[in-house]
Amino acid sequence: MTISKIAGTYHAWKQGVGYADAPGFCKAARLEEIRAQVYVLTPGRYGGAEEDGEPFEEKIRRLTGTSEEQFIEGRKLEAAISENLKRLEFHSSDNPISANGMDVG
């Protein structure tokens, strides 16, 4: 998405030449539609979502599986980072210092 695409779409809409609604990007909503939505201007209520051809149930199942895998990987990385930070820290009885060089005591 570029600024020129946004500006070009706006100017086409404003001039009434070459404008077309694009799901997930823009829609020229009529006052009746806005009134029916109780004047809520959340873009998703009007612009819709760009269709990718993947059935909703399949997409949710795929994304849920992917997110679970990423959550597991994230927990592993968090544990590894935490362990590395513990190993890097050292304390002098006079001046406790952490791995980043900041005073901790």
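Refer to the structure above for everything that follows.
Conventions adopted
- Residues numbered from 1 in each chain as written.
- Predicted model: local features only at pLDDT ≥ 70, side-chain atom pairs only at ≥ 80, totals over all residues.
- Heavy atoms only, no water.
- Phe/Tyr/Trp six-rings, centres within 6.5 Å; stacked < 30°, edge-to-face > 60°.
- Helix = DSSP H or I, 4+ residues; strand = E, 2+ residues; numbered from the N terminus.
- Lys NZ or Arg CZ within 6 Å of the ring centre and 35° of its normal.
- Patch = residues over 30% accessible without salt bridge, like charges linked within 9 Å, V, L, I, M, F, W, Y side chains within 5 Å.
- Areas by Shrake-Rupley, 256 points an atom, 1.4 Å probe, with all protein chains shown as cover.
- Salt bridge = Lys/Arg side-chain N within 4 Å of Asp/Glu carboxyl O.
- Buried < 20%, exposed > 50% of the residue type's maximum accessible area, 1.4 Å probe, protein only.
- Contact = heavy atoms within 4.5 Å.

Caption draft 1: Quick look at the packing of aromatic side chains. Within this structure, the stated rule accounts for one aromatic pair. Arranged with centres 6.0 Å apart and planes meeting at 40 degrees, the rings of Tyr10 and Trp13 form a pair that is tilted. Residue Tyr10 and its partner Trp13 are both found in helix α1 (residues 3–15); the two are separated by three residues, about one turn of the helix. Directly above the aromatic system of Phe25 lies the positively charged group of Lys5, at a separation of 4.6 Å from the ring centroid.

Caption draft 2: Structural context of a nonpolar patch on the surface. Among the surface-exposed residues, Leu77, Ile81, Leu85 and Leu88 lie close enough to one another that they form a single nonpolar patch of about 390 Å² accessible area. As for its placement among the helices and strands, Leu88 is situated in helix α4 (residues 56–88).

Caption draft 3: Quick look at the environment of Ala12. For Ala12, the position within the fold is in helix α1. Given the relative accessible area of 14%, Ala12 is considered buried. Discounting chain neighbours no more than four positions away, the residues touching Ala12 are Val17, Gly18 and Tyr19.

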